[in-house]
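Residue-level listing of the chains:
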Amino acid sequence: MEYISTRGNVKAKGFIDTVLMGLADDGGLMVPFQIPVISPEKLAEWRSLSFQELFLEIFSYYTNDEIPYDALKEMVYTSYSNFRAPEVTPLHKVNNSLYVLELFHGPTFAFKDVALQFMGELYSYIAKVRGEIIHILGATSGDTGAAAIQGVRGKEGIKICILHPHGKVSKVQELQMTTVDDSNVLNLSVEGNFDDCQKVIKELFADLDFKGKYHLRAINSINFVRILAQTVYYFYAYLQIEGSDEKKINISVPSGNFGNIFSGYLAKKMGLPVNKLIIATNENNILERFVNTGEYKPGSFTSTYSPSMDIQVASNFERYLYYLVGEDAEKLSAYMSKLQTEGKITIAGEALQQVQADFAALGVKNQQCLDTIGKYNEEYDYLLDPHTACGIAAYEQFNGAGETAITFATAHPAKFDESIALVGIKQEFPEQIAALFSLPQHQTVVEHDKDVIVRELQAFYE
Ligand SMILES: *Cc1c(COP(=O)(O)O)cnc(C)c1O
């Protein structure tokens, strides 16, 4: 399989080159030339597979034998060997209409571990077989950075620098990133907000000379391999439910950058018979407005109890738009330049009907988020983290009579104790998290200034 850019100006690439490219050189996002479709018979066969086996099956459609099967297999098994659940992503039944897929059993207690543990192994493999220098650079609102650092710490041939907004990530997130003492890790704590960090990163990646000179690689969800790794648990969750082929299964996904939910869209295009894909966001509800009105317009940033979804510009949205306009790169490019010049995109008519057939969406208010945590703790003795709580609130809104829903638990509640405490719930931390509080931290606080950041990077890379 080859990969092309949504904007149509990149020569088709293989799997490894697509991983290395990250953001496409023409400013677009890489997508498969053609999405493989899994037959219902094949799906039925997959019911008995473990998470790791399913991962291998799905990836075999996408890696074009660029990676020998045994090498891929070793990477997959190593990636998930340090998860705290043998199923990797266990499905928890809450009641007759609701299951929660727990995606937080990896090293940093958030769903991003699922893709980033694998990506760490993959980058390490590429560094070895290609003799490539891998310098990972990324910005984080908390979870991506921690998961990416855990994915590559101590690995040969790889250095990682992560920018996070100073004092604006949760305490546990900060500790997970900064207590790592491997010499291939640099934490820059930037005096500014997440969007400021993200902007610097975007400028550095857009500077193709700088990107090439320093071998910069991306770990954010613009990288297609992250999207693909996330499709695995959509299949896995669906196949775990007995008789799911005779049920209407909805999946509710706490969403920010549109990465996780786009993986669901891809899984559906590959033939997974999901009924409704539900986008759950918080008061940063750009996606809810888009689905309901057709207007995609980044607005002003609001801080909420679910900070990993405090995002205005949903990077992966471009991938969805590409399919919405019929894989027409020219049309897509026109929309993206419209977004640049006018600050919004508007979809209407049949295309909007298509959007509403693809997704339902809810922007959950702060109080509703806390109320949902309280309610499920009381009624089901099940503690939700604030992101998952948004997913549950959206499930309650959209799950029809007789339908079954899977809500993704994207983080462990211990990561967001600041929000849990507001509900008046006192939780006990898992020991791996409790242990972080006594470790020394390693980070460099920097002004929000591109030149200052570039100097720090040069010193780290050279
Ligand atoms: C990153 C994150 C999200 C949002 O995921 P996207 O792929 O950006 O939509 C939701 N919840 C948690 C806990 C996260 O870390």
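Per an unreviewed UniProt entry, the protein is named Threonine synthase, and its organism is Paenibacillus graminis. The record held by UniProt for the protein lists under Sequence similarities (unreviewed entry) the comment "Belongs to the threonine synthase family." According to UniProt, the comment filed for the protein under the heading Function (unreviewed entry) is "Catalyzes the gamma-elimination of phosphate from L-phosphohomoserine and the beta-addition of water to produce L-threonine."

How should the sheet that holds strand E14 (residues 404-409) be read in this particular structure?
By way of backbone hydrogen bonds, the strands of a sheet pair with one another, either parallel or antiparallel. Here 6 strands make up an open sheet; going across it, the order is E3-E4-E14-E9-E10-E13 and the pairing mixed. Two strands lie at the open edges of the sheet, namely strand E3 (91-95) and strand E13 (359-363), each paired on one side alone. Here the average twist between neighbouring strands, direction ignored, is 25°. Bridge count for strand E9 (residues 249-254) against E14 is 4 bridges, and the pairing is parallel. If you follow Asn250 over to E14, its bridge partner there is Ala405.

Explain the site of the ligand to me, please; I cannot follow it from the model alone.
The environment of the ligand is formed by 15 residues, the closest being Lys112, Asp143, Gly256, Asn257 and Asn260. Between the ligand and Asp143 there is a distance of 2.4 Å, counted from an oxygen atom to a side-chain nitrogen or oxygen. Contact between the ligand and Asn257: an oxygen atom at 2.8 Å from a main-chain N or O atom of the residue. If the ligand stood free it would expose 390 Å²; the protein chains cover 97% of that surface. When grouped by side-chain class, the residues that make up the shell around the ligand number 5 nonpolar, 8 polar and 2 charged.

Is there a simple way to think about the packing of aromatic side chains in this case?
All told, the structure shown has 35 aromatic pairs when counted by the stated rule. Relative to Tyr80, the ring of Phe55 has its centre 5.8 Å away and its plane inclined at 55°; by these criteria the two rings are tilted. With a gap of 25 residues between them, Phe55 in helix H3 (residues 51-60) and Tyr80 in the loop between helix H4 (69-79) and E3 connect regions that are remote in the sequence. On the accessibility criterion, Phe55 (0% relative accessible area) is buried. An aromatic cluster is defined as three or more aromatic residues linked by ring pairs; in this entry it consists of Tyr3, Phe15, Phe51, Phe55, Phe59, Tyr62, Tyr80, Phe83, Phe118, Phe224 and Tyr236. Positioned over the ring face of Phe109 is Arg84, at 3.6 Å from the centre of the ring. Cation over ring: Lys159 sits above Phe460, and NZ or CZ is 5.4 Å from the ring centre.

Looking at this structure, how should I read the packing of H3 against helix H10 (residues 224-240)?
Interhelical geometry of H3 versus H10 gives an angle of 125° and a closest axis separation of 9 Å. When the axes of H3 and H10 are compared, the pair comes out oblique. Of the two possible hands of crossing, H3 and H10 adopt the one that is right-handed. Counting all contacts with H3, which are made through Phe51, Leu54, Phe55, Ile58 and Phe59, the residues of H10 involved are Val225, Leu228, Ala229, Thr231, Val232, Tyr233, Phe235, Tyr236 and Leu239.

Calculation criteria
Residues numbered from 1 in each chain as written. Predicted model: local features only at pLDDT ≥ 70, side-chain atom pairs only at ≥ 80, totals over all residues. Heavy atoms only, no water. UniProt positions renumbered as here; feature names shortened; annotations may be inferred. Pairing = 2+ DSSP bridges. Helix = DSSP H or I, 4+ residues; strand = E, 2+ residues; numbered from the N terminus. Axes fitted to C-alpha atoms, helices over the stretch in contact; angles between N-to-C directions. Near = heavy atom within 4 Å. Polar contact = N/O pair within 3.5 Å; in protein donor to acceptor, adjacent residues only side chain to side chain. Areas by Shrake-Rupley, 256 points an atom, 1.4 Å probe, with all protein chains shown as cover. Nonpolar A, V, L, I, M, F, W, Y, C, P; charged D, E, K, R; others polar. Phe/Tyr/Trp six-rings, centres within 6.5 Å; stacked < 30°, edge-to-face > 60°. Buried < 20%, exposed > 50% of the residue type's maximum accessible area, 1.4 Å probe, protein only. Lys NZ or Arg CZ within 6 Å of the ring centre and 35° of its normal. Parallel < 35°, antiparallel > 145°, perpendicular 65-115°, else oblique. Left-handed = near helix turned anticlockwise from the far one by under 90°. Contact = heavy atoms within 4.5 Å.

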